[in-house]
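Close look at the chain arrangement
One letter stands for each residue in the lines below.
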Amino acid sequence: MGILALGTALLAVAGAMAAEHVIAILGIPFVIIIMLLTVLLSLRLTDRLVEPLNDIEPETPLKNVAFEEIAPLLFKLHQQNEIMRYNTELLAKRQDEFKVITENMTEGLILMDGDMTILSANPSALRQLRAKPGDYSGMNLSALNDSAPLLEIVRSALGGTHRDRVITVSERNYQLLASPVRFGEYIVGCALLTLDVTEKHAAEKLRQEFSANVSHELKTPLTSISGYAEMLTMDMAEPQDVPVFAGKILDEAHHLLEVINDIIKISRLDEGRGEEEFLPVDLLDLARAVAERLRDTAELRDITISVAGQGGVVMGLEPFLREMVFNLCDNAVKYNRPGGFVLITVNPMEDDRVRLIVEDSGIGIPAAEQERVFERFYRGDKSHYRDIDDTGTGLGLAIVKHVARFHQATLQVTSEQGRGSRFEIIFKA
Ligand code: ADP
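First things first, this report covers the structure right here in the doc. (Residues numbered from 1 in each chain as written. Predicted model: local features only at pLDDT ≥ 70, side-chain atom pairs only at ≥ 80, totals over all residues. Heavy atoms only, no water.)

Spanning 34 residues, helix H4 (residues 71-104) covers 49 Å between terminal C-alpha atoms, matching the ideal 50 Å at 1.5 Å per step. Among all positions of H4, only Leu74, Asn81 and Thr102 are buried. Where H4 is buried, its residues contact strand S1 (108-113) and helix H5 (123-128). (Helix = DSSP H or I, 4+ residues; strand = E, 2+ residues; numbered from the N terminus. Expected span 1.5 Å × (residues − 1). Buried < 20%, exposed > 50% of the residue type's maximum accessible area, 1.4 Å probe, protein only. Contact = heavy atoms within 4.5 Å.)

A separate point is the pattern of salt bridges. Under the criterion given, the structure shown has 16 salt bridges. With its nearest N and O atoms 3.4 Å apart, the salt bridge here joins Asp262 to Lys265. Separated by three residues within a single helix, Asp262 and Lys265 lie in helix H9 (residues 242-270), roughly one turn from each other. Look at Asp262 and you get buried, because its relative accessible area is 11%. Judged by relative accessible area, which is 28%, Lys265 ranks as partly exposed. (Salt bridge = Lys/Arg side-chain N within 4 Å of Asp/Glu carboxyl O.)

Spatially, five strands are ordered S7-S9-S10-S12-S11 in an open sheet, and the strand pairing comes out mixed. For this open sheet the edge positions go to strand S7 (304-308) and strand S11 (410-416), each flanked by a neighbour on one side alone. The average angle at which neighbouring strand axes cross in this sheet is 10°, direction not considered. Both S11 and strand S12 (residues 420-427) contribute to a ladder of seven bridges, which runs antiparallel. Following the sheet pairing, Thr414 is matched in S12 by Arg422. Where helix H10 (residues 283-300) meets the sheet, it contacts S7, strand S9 (341-348), strand S10 (354-360) and S12, and its direction lies at approximately 170° from that of S7. (Pairing = 2+ DSSP bridges. Axes fitted to C-alpha atoms, helices over the stretch in contact; angles between N-to-C directions.)

Moving on, we get to the packing of aromatic side chains. Scanning all chains against the criterion turns up five aromatic pairs. Seen from their ring centres, Tyr228 and Phe245 are 5.1 Å apart, and the 45° between their planes marks the pair as tilted. Separated by 17 residues along the polypeptide, Tyr228 in helix H8 (residues 198-233) and Phe245 in helix H9 bring together distant segments of the chain. Tyr228 sits in the partly exposed class, given a relative accessible area of 21%. Taking the relative accessible area as the measure of exposure, Phe245 reaches 13% and is therefore buried. By the ring-pair criterion, three or more aromatic residues cluster together here, those being Phe278, Phe320 and Phe406. Of note, Arg293 hangs over the ring of Phe326, and the distance from its end group to the ring centre comes to 4.0 Å. (Phe/Tyr/Trp six-rings, centres within 6.5 Å; stacked < 30°, edge-to-face > 60°. Lys NZ or Arg CZ within 6 Å of the ring centre and 35° of its normal.)

With that settled, consider the nonpolar core. Of all hydrophobic cores here, the largest spans 53 residues; its most connected members are Leu321, Met324, Leu356, Val358, Ile425 and Phe427. With nine residues, helix H11 (residues 318-334) is the single largest residue contributor to this core. Membership of the second largest hydrophobic core comes to 24 residues, among which are Leu129, Leu141, Leu150 and Leu192. (Core = buried A, V, L, I, M, F, W, Y, C linked by side-chain atoms within 4.5 Å.)

What follows is the structure, given as structure tokens:
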């Protein structure tokens with residue numbers, strides 16, 4: 001630092017003296033020497049100053065604090081670096097979060113700019129729109145799916161109108177929601193959401209069919225009740241027919257009550273689980289209670305009803321499970337023949353699941369009907385079976401199916417016409 005101090009002092013002296021004084025006192029040659037010396041010194045000084053600045057590593061400025069004078073600058077640089085690092089990390093974190101969320105969404109999400117160029121498309125969107133897996137960023141939407149309705153609603157959204165539409169792709173229904181993305185007064189892109197509404201639509205259709213069937217099922221007995229009642233009130237019935245007509249009214253009224261009760265049960269199951277808590281239910285105890293309830297009816301028809309197995313406890317709603325076992329056993333007795341049997345077995349399985357089987361030696365279910373018997377209001381053709389009580393509602397097995405699904409149990413039927421049927425329900429562990 002000695003030479004630097006000397007140079008600085010000389011410069012200060014030279015600066016302090018007026019030029020003509022210096023020339024007069026020291027003479028021209030000496031002044032030239034001083035000036036040369038000054039230039040040399042300032043060059044040296046600049047080099048010494050710039051050298052540590054050139055050595056600064058922008059990533060780690062504090063590593064190289066050669067001069068105290070530049071330490072505040074280096075510290076500022078370091079602080080700036082830290083802020084930039086924090087912001088970059090935050091941005092990367094946000095991007096990761098967005099990726100994790102969108103990749104795991106069941107809904108499809110596609111973000112596009114104002115030219116329909118894809119900015120991001122999540123896996124659900126690709127799956128639902130039947131696009132090959134891959135990165136579509138930077139491509140036009142039509143490269144992912146070029147269906148006219150899809151492009152049309154996205155164009156509308158880019159024109160400023162929120163659009164909503166259902167399309168069918170490979171027999172599944174998808175609801176598309178296209179919304180404009182605004183930046184101030186400008187529309188800069190479009191967000192497209194795709195939702196699989198196949199099950200929702202099917203449930204809606206089922207509900208509509210159910211309502212139509214309910215009306216029909218209620219109208220039929222009511223029509224005959226009012227017909228007979230009208231004849232009685234208008235004195236159109238012969239005295240000996242009066243008790244017959246009254247009996248018919250009573251039968252139809254009973255049937256009407258049965259239908260209404262079953263509809264209420266189905267509706268309760270449709271509403272979902274609600275607040276009720278699943279509790280342990282001993283299926284063997286339950287099967288024995290149901291068998292007892294049906295024993296008299298079975299005996300009247302000369303049918304043996306018995307319960308066997310090592311038992312099993314499942315988590316569930318006892319009234320619903322009882323209804324399910326009752327409906328299966330009631331059918332097993334009803335669609336049986338004199339001298340036949342009904343056997344209920346409850347056994348644990350190796351993987352801790354529980355298997356309940358209701359089998360009978362009855363009339364059996366034709367192969368073509370086996371799929372349909374669980375439909376609401378479906379009733380088999382009883383015309384070719386004599387002695388079968390034909391007062392069912394067609395809702396018994398629909399309730400069974402519903403209760404099984406409610407408890408996440410699997411339900412299977414095997415049956416041979418003329419030999420009997422076997423309903424198997426497996427409850428999860
Ligand atoms: P329902 O008994 O009121 O007619 P279900 O829903 O209980 O209605 O049954 C639907 C149909 O399935 C019945 O009409 C009958 O044809 C057939 N079915 C049900 N269980 C049996 C069975 N154990 N054996 C033979 N057929 C049966």
